[in-house]
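Fold and geometry: a report
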Amino acid sequence: MTKAAKTIRAAAGKAPIDAALILGSGLSRLGDLLTDRITIPFSDLKGFPEGGVSGHGRDLLVGEMAGKRIAILTGRQHYYEQGDAAAMRPAIATLADLGAKTLLLTNSAGSLDPEIVPGELMVLSDHINYAGMNPLIGEETDRRFVNLVDTYDPALRAASVKVAEKLGITLREGVYMWFSGPTFETPAEIRMARTLGADAVGMSTVPEAILARFFGLSVWACSSVTNMGAGMASETISHDQTKQMAPLGAKKLNALIPELVAQL
Ligand code: HPA
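In short, a report on the structure. (Residues numbered from 1 in each chain as written. Predicted model: local features only at pLDDT ≥ 70, side-chain atom pairs only at ≥ 80, totals over all residues. Heavy atoms only, no water.)

This paragraph deals with the overall build of the chain. Helix and strand content of the chain: seven helices and nine strands. In summary, the chain has a C-alpha radius of gyration of 17 Å against a globular reference of 18 Å for 264 residues, a match within 12%. Judged by the C-alpha coordinates and their principal axes, the chain covers about 50 × 45 × 35 Å. Taking all 264 residues of the chain together, the buried fraction comes to 51%. Within the chain, contacts between residues separated by at least 24 positions form 82% of all contacts whose residues are at least 6 apart in sequence. By element, 49% of the accessible surface of the chain is carried by carbon and sulfur atoms, the whole surface being about 11200 Å². (Helix = DSSP H or I, 4+ residues; strand = E, 2+ residues; numbered from the N terminus. Rg over C-alpha atoms; globule rule 2.2 N^0.38 Å. Buried < 20%, exposed > 50% of the residue type's maximum accessible area, 1.4 Å probe, protein only. Contact = heavy atoms within 4.5 Å. Areas by Shrake-Rupley, 256 points an atom, 1.4 Å probe, with all protein chains shown as cover.)

What follows is the structure, encoded as C-alpha cells:
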C-alpha cells in the first residue's frame, strides 16, 4: 500500500472507496457534490501532484455520492508541467490501493467537429496518443504491455449516454487526441488531427487512462468542450477562455456524474 493510501485511510477511515474522479480545468466545483466530505491537501499526500495550474484544485476529497464512497482529485498534474508523463502514477496507484474499481476522468478540450460546440460534453470513445509519451516507460514488469482496446469501458460509456438522454443533456462521443501542450495547437495541427480521426484535442487524460488500465481500473472520460480547435473559429483561444467556458460543461457534469456513479 502506498504511503499516501495509509495517510488517506488514517484520515478518512478504512472503508474501501468505490470509484475516483479526477477534475479538469475549471471543473473543480464538482467536489461540492460529495457529502460527509473530508479534504486532504495534495501536499500531505506523498507522490501527489505538487505544482498546479490555475483553474485546478490541489485537494483530495473523500465522501459520499449517490450512495457510493468516492475520492475526488480536484486537480491533476499535466505532462507539460514537468515533462513527466508518469506524474499521476503515485496518485492513481493510491486510488487502486484504496479499492477504487473505476476512474472517472474529466477535462477541458477543443472541438474538431463543427457539430460539437463549446459548452457541450463529449464522452471519450477512444484516444490518439499524439504526444507520443507513455507513463509506463521504465516499468520493468510484463504488466507494462497493457491492452488498450476498449480503454474507455463500453458499458460505462453506454450507461452515461443513457443517463444523459434521461437528463436531456446532449452527450457526444468521440476520439480525443492528446497534445503535450502547454501551447495550443496550430491551425495546421488541428487540420492534421481532424484528418487523423480525432474529434477533440486536449493536454491531459490519456496518461491517466493508461495508468488506470495498468492498475486494473475501468475508465470513463468526458471532455467539456470550451472552444473550437485553433483556426476553426474567429475567437482567440486562451486559458482564460477555457476557465470562462468550463462552468457550462461543469453544470452538465454535475448532473450527469452522480447518476452515472449511482449505476456503478
Ligand atoms: N487544445 C488543447 N487543449 C485544450 C483546448 C484546445 O483547444 N481547449 C481546452 N483545452
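What follows is about the pattern of salt bridges. Tallied over the full model, the rule gives six salt bridges. Linking E120 and R172 is a salt bridge whose minimum nitrogen-to-oxygen distance equals 3.1 Å. Of this pair, E120 sits in the loop between strand 5 (102-111) and strand 6 (121-128) while R172 sits in strand 7 (residues 171-178), and the two are 52 residues apart along the sequence. Overall, R172 belongs to the partly exposed group, its relative accessible area being 25%. (Salt bridge = Lys/Arg side-chain N within 4 Å of Asp/Glu carboxyl O.)

Below, the discussion takes up the site of the ligand. Residues in close proximity to the ligand include S108, A109, G110, F184, E185, V201, G202, M203, T226, N227 and T242, which together make up its full environment. Contact between the ligand and S108: a nitrogen atom at 3.3 Å from a main-chain N or O atom of the residue. One of the side-chain nitrogen or oxygen atoms of N227 is found 2.7 Å away from a nitrogen atom of the ligand. Alone, the ligand offers 260 Å² of accessible surface; in the complex the protein occludes 96% of this. Mapped onto the shell around the ligand, the elements with two or more residues apiece are strand 5, strand 8 (200-202) and strand 9 (218-228). Sort the elements by how many residues they give to the shell around the ligand and strand 5 lands first, with three residues. Residues that form the shell around the ligand fall into these classes: four nonpolar, six polar and one charged. (Near = heavy atom within 4 Å. Polar contact = N/O pair within 3.5 Å; in protein donor to acceptor, adjacent residues only side chain to side chain. Nonpolar A, V, L, I, M, F, W, Y, C, P; charged D, E, K, R; others polar.)

Each pocket or cavity is described by its volume, and for the largest pocket that value is around 300 Å³. What lines the largest pocket is a set of 21 residues, among which S25, S108, F184, M203 and T242 lie closest to the centre. Sorting the residues of the lining of the largest pocket by element identifies strand 5, strand 8, strand 9 and helix 7 (239-262) as the ones contributing at least two each. Counting residues per element, the lining of the largest pocket draws most heavily on strand 5, which supplies four residues. (1 Å grid on protein atoms, 1.4 Å probe; cavity = no way out; pocket = protein on both sides within 12 Å on 5 of 7 lines; lining within 4 Å. Points joined across faces, edges and corners; volume = space filled by probe spheres on them.)

Turning next to the packing of aromatic side chains. Counted according to the given criterion, the structure contains four aromatic pairs. When the centroid spacing of 5.6 Å and the interplanar angle of 50° are considered together, the rings of F42 and F48 count as tilted. Grouping residues by exposure puts F42 and F48 together as buried. Here the aromatic rings of Y79 and W178 are separated by 6.0 Å at their centres, their planes lie at 80°, and the arrangement is edge-to-face. Residue Y79 is found in helix 2 (residues 79-82), and its partner W178 is found in strand 7; the two are separated by 99 residues along the sequence. The class of W178 is buried, set by a relative accessible area of 0%. R143 extends its terminal NZ or CZ atom over the ring of F214, reaching a point 4.3 Å from the ring centre. (Phe/Tyr/Trp six-rings, centres within 6.5 Å; stacked < 30°, edge-to-face > 60°. Lys NZ or Arg CZ within 6 Å of the ring centre and 35° of its normal.)

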